[in-house]
Amino acid sequence: AFGTKPDLTYNLDEYRQFLIIREVLLEYVNCVSNIKINGEPQLIVHINQAHSASLWPSLVLIDGMPVLDAERLLNYDARRIHYINIYGDQYTFGNGLYNGILSFVTRSGRLTNYPPEPNMQYLVYEFPN
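Note that the structure is predicted; figures quoted are calculated from it, not measured.

Parameters and conventions
Residues numbered from 1 in each chain as written. Predicted model: local features only at pLDDT ≥ 70, side-chain atom pairs only at ≥ 80, totals over all residues. Heavy atoms only, no water. Helix = DSSP H or I, 4+ residues; strand = E, 2+ residues; numbered from the N terminus. Buried < 20%, exposed > 50% of the residue type's maximum accessible area, 1.4 Å probe, protein only. Polar contact = N/O pair within 3.5 Å; in protein donor to acceptor, adjacent residues only side chain to side chain. Contact = heavy atoms within 4.5 Å. Pairing = 2+ DSSP bridges.

Draft legend 1. Representation of unusual backbone geometry in the model. With phi around 55°, Asn-38 is a residue other than glycine that occupies positive phi space. The topology assignment puts Asn-38 in the loop between β2 (32-37) and β3 (40-45). In this structure, Asp-63 is a non-glycine residue whose phi angle is positive, near 50°.

What follows is the structure, given as structure tokens:
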């Protein structure tokens, strides 16, 4: 994904199991901050020191799908997550500029029991070879 190897990968099987993502980020993933920007909770990756002062939020994905509500993700069952991949550079996605990517990969890889974002519809496309 993203054409490059992640800067950091956390295999949650290697750590004591916590109940929610918020606990995992607080206890093990020290390069992610949970702050409020304009009253909205945002997750910010700060691996590369050059970008660490930036208040641009990070692009947060779960099984490749963008997460719009960080609070919903923070309360998601951490036992369903297999890997957390962190990319530290700046990225553009649509019209947004993001300070890193925080990618959560579930055990099934299919958004298992993750509540859908309001007003979003997830579709699976079969792309031709």
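Draft legend 2. Just the environment of Asp-89, in detail. Mapping Asp-89 onto the fold places it in strand β6 (residues 81-93). Classification of Asp-89 as partly exposed rests on a relative accessible area of 39%. The sequence separation of Asp-89 and Val-45 amounts to 44 residues, and the corresponding C-alpha distance is 9.0 Å.

Draft legend 3. Main features of the side chain of Thr-106. Structurally, the position occupied by Thr-106 is in strand β7 (residues 96-106). The class for Thr-106 is buried, based on a relative accessible area of 2%. Of the polar contacts made by the side chain of Thr-106, one reaches the backbone nitrogen of Gly-109; its length is 2.9 Å. When sequence neighbours within four positions are dropped, the list of residues in contact with Thr-106 reads Ile-62, Asp-63, Tyr-76, Arg-80, Ile-81, His-82, Leu-111 and Thr-112.

Draft legend 4. Inspection of the sheet that holds strand β5 (residues 65-66) at higher detail. Spatially, 5 strands are ordered β1-β6-β7-β4-β5 in an open sheet, and the strand pairing comes out mixed. Sheet topology places β1 (8-11) and β5 at the edges, where each strand pairs with a single neighbour. Across 4 bridges, the pairing between β1 and β6 is antiparallel. Residue pairing across strands places Tyr-10 opposite Ile-84, the latter belonging to β6.

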